[in-house]
2 protein chains.
Amino acid sequence: MTLIVQKFGGTSVGTLERIEAVAEKLVASRRQGHDLVAVVSAMSGETNRLLGLAHEIDTQPNPRELDVLLSTGEQVTIALLSIAIEKRGIPARSYTGAQVHIRTDSAYNKARIQEIDAQRIRDDLSHGRIVVVAGFQGVDEKGNITTLGRGGSDTTAVALTAALGADECQIYTDVDGVYTTDPRVVPEARRLDHLTYEEMLELASLGAKVLQIRSVEFASKYQVPLRVLSSFESGEGTLITAEVEGMEEPLISGIAFNRDEAKLTILGVPDKPGVAYHILGPISGANIGVDMIIQNVGRDGTTDFTFTVHRNDYLKALKILRESSRTLGAREVTGDDKIAKISVVGVGMRSHAGIASTMFHTLAQEGINIQMISTSEIKVSVVVDEKYLELGVRALHSAFELEKTPGRIPSSL
Amino acid sequence: MTLIVQKFGGTSVGTLERIEAVAEKLVASRRQGHDLVAVVSAMSGETNRLLGLAHEIDTQPNPRELDVLLSTGEQVTIALLSIAIEKRGIPARSYTGAQVHIRTDSAYNKARIQEIDAQRIRDDLSHGRIVVVAGFQGVDEKGNITTLGRGGSDTTAVALTAALGADECQIYTDVDGVYTTDPRVVPEARRLDHLTYEEMLELASLGAKVLQIRSVEFASKYQVPLRVLSSFESGEGTLITAEVEGMEEPLISGIAFNRDEAKLTILGVPDKPGVAYHILGPISGANIGVDMIIQNVGRDGTTDFTFTVHRNDYLKALKILRESSRTLGAREVTGDDKIAKISVVGVGMRSHAGIASTMFHTLAQEGINIQMISTSEIKVSVVVDEKYLELGVRALHSAFELEKTPGRIPSSL
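None of the values given here were measured: they were computed from a predicted structure.

Calculation notes
Numbering of residues begins from 1 in every chain and follows the order in which that chain's sequence is written. For naming, the first written chain is A and the first written ligand is 1, with later ones following in the order written. Confidence filtering applies because this is a predicted model: local features only for residues at pLDDT of at least 70, side-chain atom pairs given and counted only at 80 or more, and all residues used for totals across whole chains, interfaces and linings. Where side-chain values are given, they derive from all heavy atoms of the structure, hydrogens and water being excluded. UniProt positions are given in the numbering used here, feature names are shortened, and annotations may be inferred rather than shown by experiment. Elements are defined by DSSP. Helices are runs of H or I of four residues or more, strands are runs of E of two residues or more, and each kind is numbered from the N terminus. Only protein atoms enter the calculation, which uses a 1 Å grid: trapped sets of points that fit a 1.4 Å probe without letting it out are cavities, open sets showing protein on both sides within 12 Å along at least five of seven lines are pockets, and any residue with an atom within 4 Å of a point is a lining residue. Grid points are joined across faces, edges and corners, and a volume is the space filled by probe spheres set on the points. Our superposition of the copies is a least-squares fit, built on the C-alpha atoms of residues whose pLDDT is at least 70 in both. Only the six-membered ring of Trp is used, alongside the rings of Phe and Tyr, when aromatic pairs are assigned; centres must lie within 6.5 Å, and planes under 30 degrees apart are stacked while those over 60 apart are edge-to-face, with the rest tilted. Partly exposed residues are those whose accessible area sits between 20% and 50% of the maximum for their type, while under 20% is buried and over 50% is exposed, using a 1.4 Å probe and protein chains only. Each ring is checked for a lysine NZ or an arginine CZ that lies within 6 Å of its centre and within 35 degrees of its normal; such an atom marks a charge sitting over the ring. Contact between two residues is taken to exist if any of their heavy atoms lie within 4.5 Å; hydrogens are not considered. Buried area, as used here, totals the accessible surface that two parts lose on assembly, with accessibility defined by a 1.4 Å probe and the loss added over both. By salt bridge we mean one thing: a side-chain nitrogen of Lys or Arg within 4 Å of a carboxyl oxygen of Asp or Glu. At least two bridges found by DSSP between two strands are what make those strands a pair. Axes here refer to lines fitted to C-alpha atoms; in helices the fit is confined to the stretch in contact. Angles between the N-to-C directions go from 0 to 180 degrees. Helix span, expected: 1.5 Å multiplied by one less than the number of residues in the helix. The bend reported for a residue corresponds to the angle between axes fitted to the seven residues ending at that residue and the seven starting there. Pairs of N or O atoms are called polar contacts if they sit within 3.5 Å, as long as, within protein, a hydrogen donor faces a hydrogen acceptor (for residues adjacent in sequence, only side-chain-to-side-chain pairs). Note that domain bounds follow an automatic or database assignment of domains.

Visitor: Go over the UniProt feature "domain: ACT" (unreviewed entry) in chain A with me, naming the residues and quoting the values.
Guide: Under the UniProt annotation, the feature "domain: ACT" (unreviewed entry) is placed at residues 264–338 and 344–411 of chain A. Taken as a whole, residues 264–338 of chain A contains 35% helix and 36% strand, while its terminal C-alpha atoms sit 11 Å from one another.

Set out below in structure tokens:
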């Protein structure tokens with residue numbers, strides 16, 4: 001007998017038919033003897049509908065009241081799903097975040113889970129009930145309703161898995177697992193059976209939007225086995241754990257990419273202490289997030305400084321940078337919002353030096369110029385002209401032989 | 001400085017514009033120095049929309065889960081109203097029934113309020129906040145969400161008024177007060193300034209659907225001054241209290257009526273002990289409510305027995321009565337679902353014997369035959385043919401001079 005936490009996102013519970021299908025799946029699993037906790041999101045579109053109502057009244061709605069409003073979305077789903085389960089003859093019980101004491105801090109709209117009292121859920125499970133919990137929401141010390149921010153239902157599921165000591169946390173989505181890269185770009189892309197948390201974090205943050213980053217961090221912290229599965233198709237999905245053991249450890253897990261970024265460069269900045277702070281301080285002061293940052297060694301007492309921001313913030317960042325440029329006495333400011341970032345990710349590269357050179361060689365062979373490079377222990381990212389994105393991803397996918405089942409070092413290394 | 005609880009029903013908060021209008025009204029009242037607690041219902045149509053979702057899944061949805069679902073309706077309203085108040089620069093705070101510990105029993109869908117912990121609301125009021133509470137909902141001893149049943153928001157408002165020791169409970173509706181009778185039937189109908197709880201109970205239960213009966217009982221029990229006002233027009237409305245003192249006490253407050261009932265008669269029943277029980281037992285066993293009951297003195301060892309039920313239950317009741325008739329050896333069963341009930345209501349009739357005779361005389365003059373009569377301390381009800389309803393109500397309204405301001409005994413007595 002295993003205890004499994006299953007999370008169903010907005011698309012998986014987007015209509016009454018889909019809610020019934022989720023109930024069917026849970027009931028079948030319960031009849032096989034599993035103890036089950038379901039964590040659900042609001043029906044797709046509902047959170048946006050509620051947000052729309054609030055924004056019609058006030059463009060900056062009171063954050064506490066916004067959470068009171070938004071939390072009704074999941075509450076509707078837990079009730080409907082429980083009704084559908086009960087109809088099938090299996091006892092079910094729904095709980096809001098407050099009812100199972102998903103205690104968070106008081107940061108409305110983006111609260112963080114601090115602790116969960118799992119006793120009530122354990123009691124229900126011991127009575128054979130399927131427990132249905134509202135994702136995305138909690139309650140602060142004073143009893144105020146909070147929400148965890150977009151994608152927070154994944155975090156709720158992982159936190160509950162940890163608090164209950166459950167065997168596995170299954171995240172049901174509209175894809176059947178994590179792929180070596182986006183199959184729309186590379187039709188040969190292959191579903192991965194197994195990944196490490198670190199790899200998933202790099203893949204998620206780099207554009208493979210299957211799981212919310214925070215939930216993976218959380219899973220890693222509490223060593224919760226996480227599985228990504230399809231709500232609509234059967235299959236084993238992708239299991240994410242701390243270690244992928246043995247011979248089958250692949251060198252490279254996948255190729256992530258995005259075209260959400262834009263780059264900005266300030267040229268000929270006098271090279272003296274504090275220059276990075278003077279450039280980036282005003283940018284983060286304007287609430288603009290910065291991703292890659294590159295500063296090369298100076299020359300003739302000046303240096304060049306390049307960084308990337310989200311494409312939506314490009315014009316705002318450019319304006320701020322031009323102002324800083326005058327203050328700093330820099331020579332020139334340039335920018336480009338037609339860029340793409342491609343990243344090769346894999347824990348295997350820790351022990352293999354050749355990954356970066358294979359990557360650069362492959363791109364060079366295709367005539368793709370690399371504009372920026374940044375590396376971490378388990379990834380190498382490059383920025384290239386946007387128009388080369390698909391070509392580059394396909395070439396790399398093939399060079400690292402990701403279409404083949406893992407188990408051997410690609411011949412090109 | 002007064003503390004007022006104001007309740008706004010579904011129509012009063014039916015659109016975002018109306019929610020903004022309610023916020024405007026509350027803010028103006030707060031700026032005049034009043035301490036305010038607002039109790040709100042779900043936006044009109046929302047409860048039915050949610051019920052519809054549940055019924056699409058299961059025609060008999062699990063009662064506990066139904067309450068989890070329905071309670072989201074008011075939760076949306078409290079959040080939107082609080083956002084609208086905050087936008088106007090007055091601090092507001094919303095609470096669900098659970099958050100302010102509106103403790104009920106565990107009778108899902110029709111729970112009764114047992115106690116309220118008003119401390120949290122008092123704290124907010126002392127900080128100058130307008131407190132916005134979800135009507136219609138509460139929480140049981142174990143933390144399960146409950147609802148009070150249709151119209152329960154009135155009860156929430158009255159219970160909060162009592163718990164807070166507030167000065168007045170104002171119920172905002174789509175009418176500007178309680179009238180001597182339905183103005184659609186008698187255009188001369190007059191708004192009453194003042195009524196007693198007893199009169200309101202008789203008027204409400206007899207078809208003047210302005211206030212929920214349970215909330216009036218509650219107000220009477222805790223001596224909460226209750227005022228019915230229009231959300232859309234200004235005016236003093238109708239105040240409902242324990243006593244209407246002094247010279248201005250009217251003899252008759254109003255004329256209530258309904259055409260929701262049907263009557264059933266069993267003729268020639270052997271007149272022996274237990275016969276009423278044998279007739280009505282199976283009726284109430286089938287969950288059919290009985291209103292008027294009349295049994296005349298027996299003759300020749302047999303008696304006739306007549307009662308009224310809701311028109312929707314007529315055919316079901318008739319079938320049951322025919323079965324009982326066979327068992328009891330009665331002569332005949334008859335019925336009529338084309339009847340109307342007209343009631344004259346007023347505390348003044350306690351001390352005036354002439355009311356009933358004026359009523360009967362007036363109806364006789366119009367050629368209206370009386371089929372059944374039933375009386376209580378402050379009302380006389382008659383059942384007549386449905387087609388005479390409007391004629392009878394108009395004749396009685398005029399005979400008791402209800403169109404005139406009270407203060408004198410009608411000349412006809």
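Visitor: Go over empty space enclosed by the protein with me, naming the residues and quoting the values.
Guide: One pass over the full model with this rule turns up two cavities of 30 Å³ or more. Here the second largest cavity is characterised by a volume of approximately 30 Å³. Considering the residues around the second largest cavity, the lining is formed by Glu46, Arg49, Thr72 and Val76 of chain A together with Glu46, Arg49, Leu50, Thr72 and Val76 of chain B. Counting residues per element, the ones that place at least two in the lining of the second largest cavity are helix H2 (46–57) and helix H3 (63–87) of chain A together with helix H2 (46–57) and helix H3 (63–87) of chain B. Ranked by residue count, the leading element in the lining of the second largest cavity is H2 of chain B, at three residues.

Visitor: Lay out the relation of the copies chain B and chain A in plain terms, naming residues and giving numbers.
Guide: Relating the two copies of this chain is a rotation about some axis coupled with a shift parallel to it. Structural alignment of chain B on chain A gives an RMSD of 0.2 Å, achieved by rotating through 180° and translating 0.0 Å along the axis. Both chain copies can therefore be described as sitting about a two-fold axis. Among all residues of chain B, the minimum C-alpha distance to the rotation axis is found for threonine 72 of chain B, at 2.6 Å.

Visitor: Talk me through the packing of aromatic side chains; I want residue IDs and the actual numbers.
Guide: Counted under the stated rule, the structure contains six aromatic pairs over all chains. Residues phenylalanine 305 of chain A and phenylalanine 307 of chain A carry aromatic rings whose centres are separated by 6.3 Å and whose planes lie at 65° to one another, so their mutual orientation is edge-to-face. Under the relative-accessibility criterion, phenylalanine 305 of chain A is labelled buried at 2%. When the ring centre of tyrosine 95 of chain B is taken as origin, the NZ or CZ atom of arginine 64 of chain A, which lies over that ring, is 5.3 Å away.

Visitor: Now, about the interface of chain B and chain A: what can you tell me, with residues and values included?
Guide: At the interface, 41 residues of chain B touch 41 residues of chain A. A buried area of about 3300 Å², summed over both sides, lies between chain B and chain A, and 61% of it is on carbon and sulfur atoms. It is Ile57, Glu65 and Ile83 of chain B that lose the most area in chain B upon contact with chain A, and together they represent 22% of the buried surface on that side. For the pair chain B and chain A, the number of links is zero salt bridges.

Visitor: Mind laying out the sheet that holds strand S20 (residues 379–385) of chain B, listing which residues take part and the relevant values?
Guide: All names here are of chain B. Strand order across the open sheet formed by four strands is S13-S18-S20-S19, with antiparallel pairing between neighbours. Across the chains shown, the open sheet's two edge strands, defined by having one partner strand only, are strand S13 (254–258) and strand S19 (370–376). Across the sheet, the axes of successive neighbouring strands diverge by a mean angle of 20°, strand direction being ignored. Sheet analysis places S19 next to S20, joined by six bridges and oriented antiparallel. Across the sheet, the residue bridging to methionine 372 is valine 383, located in S20.

Visitor: So what's going on with H3 of chain A? Which residues, and what values?
Guide: Note on helix geometry: an α-helix contains 3.6 residues per turn, so any two residues three or four positions apart are oriented the same way. All names here are of chain A. Between its terminal C-alpha atoms H3 stretches 37 Å, which fits the 36 Å expected from 25 residues at 1.5 Å a residue. Approximately 25° is the largest bend angle found in H3, and it occurs at glycine 73. Counting buried positions along H3 yields 22 of 25 residues, so the element is predominantly enclosed. Of the residues flanking the start of H3, the one acting as N-cap is asparagine 62, its side-chain oxygen 3.1 Å from the backbone nitrogen of arginine 64.

Visitor: Got a sec to walk through the domain arrangement of chain A? Specific residues and values, please.
Guide: Segmenting chain A into domains produces domain 1 (3–174) and domain 2 (246–413). The C-alpha-based centres of domain 1 of chain A and domain 2 of chain A are spaced at 37 Å.

Visitor: Tell me about helix H7 (residues 213–222) of chain B, residues and numbers included.
Guide: Residues of H7 of chain B that are buried: Arg214, Ser215, Val216, Phe218 and Ala219 of chain B. Of the residues one or two after H7 of chain B, glutamine 223 of chain B is the one with positive phi, at around 55°.

Visitor: Describe the pattern of salt bridges, with residues and values.
Guide: All names here are of chain A. All chains considered together, the criterion is met by 38 salt bridges over all chains. The residue aspartate 35 makes a salt bridge to arginine 30 at a minimum N-O spacing of 3.7 Å. There is no split in this pair, since aspartate 35 and arginine 30 are both buried. Across the pair glutamate 65 and arginine 64 runs a salt bridge whose closest N-O atoms are separated by 2.8 Å. The same class applies to glutamate 65 and to arginine 64, which are both buried.

Visitor: Mind laying out the pairing of strand S14 (residues 261–270) of chain A, listing which residues take part and the relevant values?
Guide: All names here are of chain A. For S14, the buried fraction is high: nine of the 10 residues fall into the buried class. Relative to strand S16 (residues 302–310), S14 is paired through eight bridges, and the arrangement is antiparallel. Opposite threonine 265, over in S16, you have threonine 306 as the bridge partner. Sheet topology places S14 next to strand S17 (residues 332–336); five bridges connect them, and they run antiparallel.

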